[in-house]
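Residue-level structure breakdown
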There are 2 protein chains.
Amino acid sequence: MPRVSAEYLAARREEILDAAARRFAADGFHRTSMQDIIDEAGLSPGAVYRYFRAKDELIESISVEAMGHIESVVSGGIDGEEPLADLIAGLPAAFDALGRTDERARLAVQTWGEALRNPPLAEALAARLANVRSALRDRIATAQRAGEVDPAADPDDAAKVLLGLLQGYLLQKAWDPDLDPADFGRAARVLIAPRQAMPGHSID
Amino acid sequence: MPRVSAEYLAARREEILDAAARRFAADGFHRTSMQDIIDEAGLSPGAVYRYFRAKDELIESISVEAMGHIESVVSGGIDGEEPLADLIAGLPAAFDALGRTDERARLAVQTWGEALRNPPLAEALAARLANVRSALRDRIATAQRAGEVDPAADPDDAAKVLLGLLQGYLLQKAWDPDLDPADFGRAARVLIAPRQAMPGHSID
DNA sequence: GATCATAAAGCGAATGCTCGTTCTTGACGA
DNA sequence: TCGTCAAGAACGAGCATTCGCTTTATGATC
């Protein structure tokens, strides 16, 4: 078996994915040609097609990976013990802390549009969103019990709103890489929790 | 039909734009072929190319139109005299009131991605966003003076947050047409103004 | 008001090009 | 020597766009 190590194969695959991510982020999925990716990776068509059956497979891999990063940022933040307001204020910065922020934000926007048209992608996205929403919902319910959030809010709907907030941040970050995550987070916190915890709302 | 009225020409042009919008919303800009649009409009290639020089011109027209609708909804809402909380709660419903909500939401998402790559589109989008942000900023400053919003918030950053909220709603609406604008708006209002106006914050 | 001439409006086969993908060939490690 | 990996020329499909022809509404003419 004249072969190469499994590590070599995995590394090659990752190289191709990285190259594809760079080009996809820059030009969008459908304005990026396979040749663009092949050139960016410094390989040949034959080589790339040994690792990925088709362009769609590349798009799906990149998209699912991109969703995973965002999901892990939100889920990771939710697990903390900090007040909800701090969590919200910190999410933009937490996303930026992943690195390669511009690329990630742009890929996220591309992925959102792609999911409207690509059923497997839509399914993957829906599943991950459901996870995030459910974690957020629980976190909000807890915050309500602690008197941090008005008990009149429906936790399910409030979760959608908070998720929307982060999506809006990502979108604006994709357009403007100079958008400051701390400023955005601080403004979100002040809007949502004007004077720290609301007095007199605790359920006990 | 030679030498026809200007109204006839405008109506034809509008027919083509409508057909293109339907297909673009369904399949995305780049998965929609000119033949798809031509078939949807019930015309021939020659006819369509008489009204639009190229596919990109179609994409730009549709995109700019889509942005305009969103801008007018937000700007229209901002002009009102209602409390900021009511404005925020009502924006999702106001967008839905435009009609053809699913199509509009999906087109908006497609446009966001396209603007990342298409300079003229990016410019048009940036200009409209600047308008909306500036109107929101003024509205927030007014609300702060009225004691509706914590004066600690930077109006500029707060405007970005509120804009992000609406963008998040549009995105979620594109994925899930059943998303209820009233629920979303109500949750946003409760989160941002937990107990109506905050007491004791008026500057006078 | 019927006929005609004109040029705009529409048609659709044809074009040229780009793209994703395949396949043959060669190189190289085991 | 054998199987794997990479290379890159080649291919066919599908795309946006063009162009020469046909159709037809309109204004002029009688």
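Here the structure is shown first, and the text comes after it.
Residues numbered from 1 in each chain as written. Chains lettered and ligands numbered in written order. Predicted model: local features only at pLDDT ≥ 70, side-chain atom pairs only at ≥ 80, totals over all residues. Heavy atoms only, no water.

On to the overall build of chain A, then. Counting secondary structure elements, chain A contains nine helices and zero strands. Listing each helix as α and each strand as β along chain A from the N terminus yields α-α-α-α-α-α-α-α-α. If you line up chain A on its principal axes, its C-alpha atoms span 70 × 35 × 30 Å. Counting the 204 residues in chain A, one finds 49% classified as buried. Nonlocal contacts in chain A, meaning residues at least 24 apart in sequence, comprise 71% of its contacts between residues at least 6 apart. Of the accessible surface of chain A, which amounts to about 9,100 Å², a share of 51% is contributed by carbon and sulfur atoms. Here chain A contributes 23 positive and 33 negative side-chain charges, whose respective centroids are spaced 4 Å apart. (Helix = DSSP H or I, 4+ residues; strand = E, 2+ residues; numbered from the N terminus. Buried < 20%, exposed > 50% of the residue type's maximum accessible area, 1.4 Å probe, protein only. Contact = heavy atoms within 4.5 Å. Areas by Shrake-Rupley, 256 points an atom, 1.4 Å probe, with all protein chains shown as cover. Lys, Arg positive; Asp, Glu negative; His and termini not counted. Charge placed at Lys NZ, Arg CZ, Asp CG, Glu CD.)

This brings us to a nonpolar patch on the surface. A surface patch of nonpolar side chains, amounting to about 250 Å² of accessible area, comprises V4, Y8 and L9 of chain A. Relative to the elements of secondary structure, V4 of chain A occurs in the segment before α1 (6–27). (Patch = residues over 30% accessible without salt bridge, like charges linked within 9 Å, V, L, I, M, F, W, Y side chains within 5 Å. Salt bridge = Lys/Arg side-chain N within 4 Å of Asp/Glu carboxyl O.)

The partner chain B presents 48 residues to the 48 residues of chain A that form the contact. Three residues, L116, W175 and L191 of chain A, lead the burial of chain A against chain B; their summed loss comes to 18% of the area buried on that side. Where chain A touches chain B, the interface holds four salt bridges. Between chain A and chain B we count ten residue pairs in polar contact (both at pLDDT 80 or more) in total. When residues of the side of chain A that touches chain B are traced back to their parent elements, those giving at least two are α1, α6 (101–115), α7 (119–145), α8 (155–175) and α9 (181–192) of chain A. Here the element with the most residues in the side of chain A that touches chain B is α8 of chain A; it accounts for 14 residues. Each residue belonging to the side of chain A that touches chain B can be placed in one class, and the counts come to 27 nonpolar, ten polar and eleven charged. (Buried area = accessible area lost by both parts, 1.4 Å probe. Polar contact = N/O pair within 3.5 Å; in protein donor to acceptor, adjacent residues only side chain to side chain. Nonpolar A, V, L, I, M, F, W, Y, C, P; charged D, E, K, R; others polar.)

This part takes up the relation of the copies chain A and chain B. Mapping chain A onto chain B calls for a screw motion: a turn of 180 degrees about the axis and a shift of 0.0 Å along it, with 0.1 Å RMSD after fitting. This pairing of chains is accounted for by a two-fold axis. (Least-squares fit on C-alpha atoms with pLDDT ≥ 70 in both.)

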